[in-house]
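# Residue-level structure breakdown
Residue-level listing of the chains:
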Amino acid sequence: MTVTLSDEARRLIAAFEDATDATAVDCVVDDERERVVFVVKAGEMPQAIGRGGERVQGLEERLGRDVELVEDAPSAEAFVAHALSPAAVYNVTISENDDTVAYAEVAHEDRGVAIGEAGRNIEMAKALAKRHFDVDDIQLT
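Residues numbered from 1 in each chain as written. Predicted model: local features only at pLDDT ≥ 70, side-chain atom pairs only at ≥ 80, totals over all residues. Heavy atoms only, no water.

- The protein carries the name Probable transcription termination protein NusA in an unreviewed UniProt entry, which gives Halarchaeum grantii as its organism.
- In its Subcellular location (unreviewed entry) section, UniProt records this for the protein: "Cytoplasm". (UniProt positions renumbered as here; feature names shortened; annotations may be inferred.)

Below is the structure:
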């Protein structure tokens, strides 16, 4: 699926790549929650985070916003699991009936983490899954 980036997103990706030496394949600006979410090329997450989170922290200071990272994946199932991280996701099943729905089996004690405060985590996971794999909804099981 092709993702279209705004000029602001392209500038933020350039800043991300300059600060981390990792590759970002997507960027979503969430002005409402003063955060930027980067989708990091698969396998480059440790490089993006840095030792003790130093690269992410430096980028947050540079941008003046919270920075969140999601690791890219080759399948919708793996991508949804990454998007719900740090919640423990045991299994993701994709159902394609009228809509494409990802059913994510999340540890009971991690449901709150997967949802996030006021739904911030699951809503971003849904938006990213829609952008990258045309998944219409994510349901926690």
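Back to the text.
### Brief notes about the UniProt feature "domain: KH type-2" (unreviewed entry) in the protein
- In the numbering used here, UniProt assigns the "domain: KH type-2" (unreviewed entry) feature to residues 16-73.
- End C-alpha to end C-alpha, residues 16-73 measures 19 Å, and it is 34% helix and 33% strand. (Helix = DSSP H or I, 4+ residues; strand = E, 2+ residues; numbered from the N terminus.)

### Regarding the environment of Asp134
- Within the secondary structure, Asp134 is located in the loop between α6 (120-133) and β6 (137-140).
- Measuring from C-alpha to C-alpha, the distance between Asp134 and Asp18 comes to 30 Å, with 116 residues separating the pair along the chain.
- In this structure the side chain of Asp134 is engaged in a polar contact, spanning 3.0 Å, whose partner is the side chain of Lys130. (Polar contact = N/O pair within 3.5 Å; in protein donor to acceptor, adjacent residues only side chain to side chain.)

### Looking at the domain arrangement of the protein
- Each assigned domain of the protein is listed here: domain 1 (7-71) and domain 2 (87-140).
- Just the C-alpha atoms count here: the centres of domain 1 and domain 2 sit 21 Å apart.
- Facing the 10 residues of domain 1 at the interface are seven residues of domain 2.
- On inspection of domain 1 and its partner domain 2, the count reaches five residue pairs in polar contact (both at pLDDT 80 or more).
- In terms of residues, the side of domain 1 that touches domain 2 owes the most to one element, strand β1 (residues 24-30), which gives four residues.
- Here the residues of the side of domain 1 that touches domain 2 are counted per class, giving five nonpolar, no polar and five charged. (Domains from an automatic or database assignment. Contact = heavy atoms within 4.5 Å. Nonpolar A, V, L, I, M, F, W, Y, C, P; charged D, E, K, R; others polar.)

### Quick word on the packing of aromatic side chains
- Considering all chains together, one arrives at two aromatic pairs under this definition.
- Residues Phe79 and Phe133 carry aromatic rings whose centres are separated by 5.5 Å and whose planes lie at 55° to one another, so their mutual orientation is tilted. Residue Phe79 is found in helix α4 (residues 76-83), and its partner Phe133 is found in helix α6; the two are separated by 54 residues along the sequence.
- According to the relative accessible area criterion, Phe79 is buried, its value standing at 0%.
- Looking at Phe133, the relative accessible area reads 25%, which means it is partly exposed. (Phe/Tyr/Trp six-rings, centres within 6.5 Å; stacked < 30°, edge-to-face > 60°. Buried < 20%, exposed > 50% of the residue type's maximum accessible area, 1.4 Å probe, protein only.)

### What about the sheet that holds β1?
- Read from one edge to the other, the open sheet built from three strands follows the order β1-β2-β3, with strand pairing classed as mixed. The sheet terminates laterally at β1 and β3 (66-71), the two strands that pair on one side only. Going from strand to strand, the sheet's axes swing by 20° on average, the running direction of each strand aside.
- On top of the sheet, helix α1 (residues 7-20) reaches β1, β2 (35-40) and β3; it is set at about 120° to β1, its chief contact. (Pairing = 2+ DSSP bridges. Axes fitted to C-alpha atoms, helices over the stretch in contact; angles between N-to-C directions.)

### Description of the pattern of salt bridges
- Summed over all chains, the structure comprises 12 salt bridges.
- In this structure, Asp18 engages Arg62 in a salt bridge whose closest nitrogen and oxygen atoms are separated by 3.2 Å. Separated by 44 residues along the polypeptide, Asp18 in helix α1 and Arg62 in helix α3 (residues 54-63) bring together distant segments of the chain.
- A relative accessible area of 54% places Asp18 in the exposed class.
- When the shortest N-O distance is used, the salt bridge between Asp30 and Arg35 registers 2.8 Å. The pair formed by Asp30 and Arg35 is uniform in burial state, with each residue classed as buried.
- Each of Asp30, Arg35, Glu68 and Arg120 takes part in one network of salt bridges that share partners. (Salt bridge = Lys/Arg side-chain N within 4 Å of Asp/Glu carboxyl O.)

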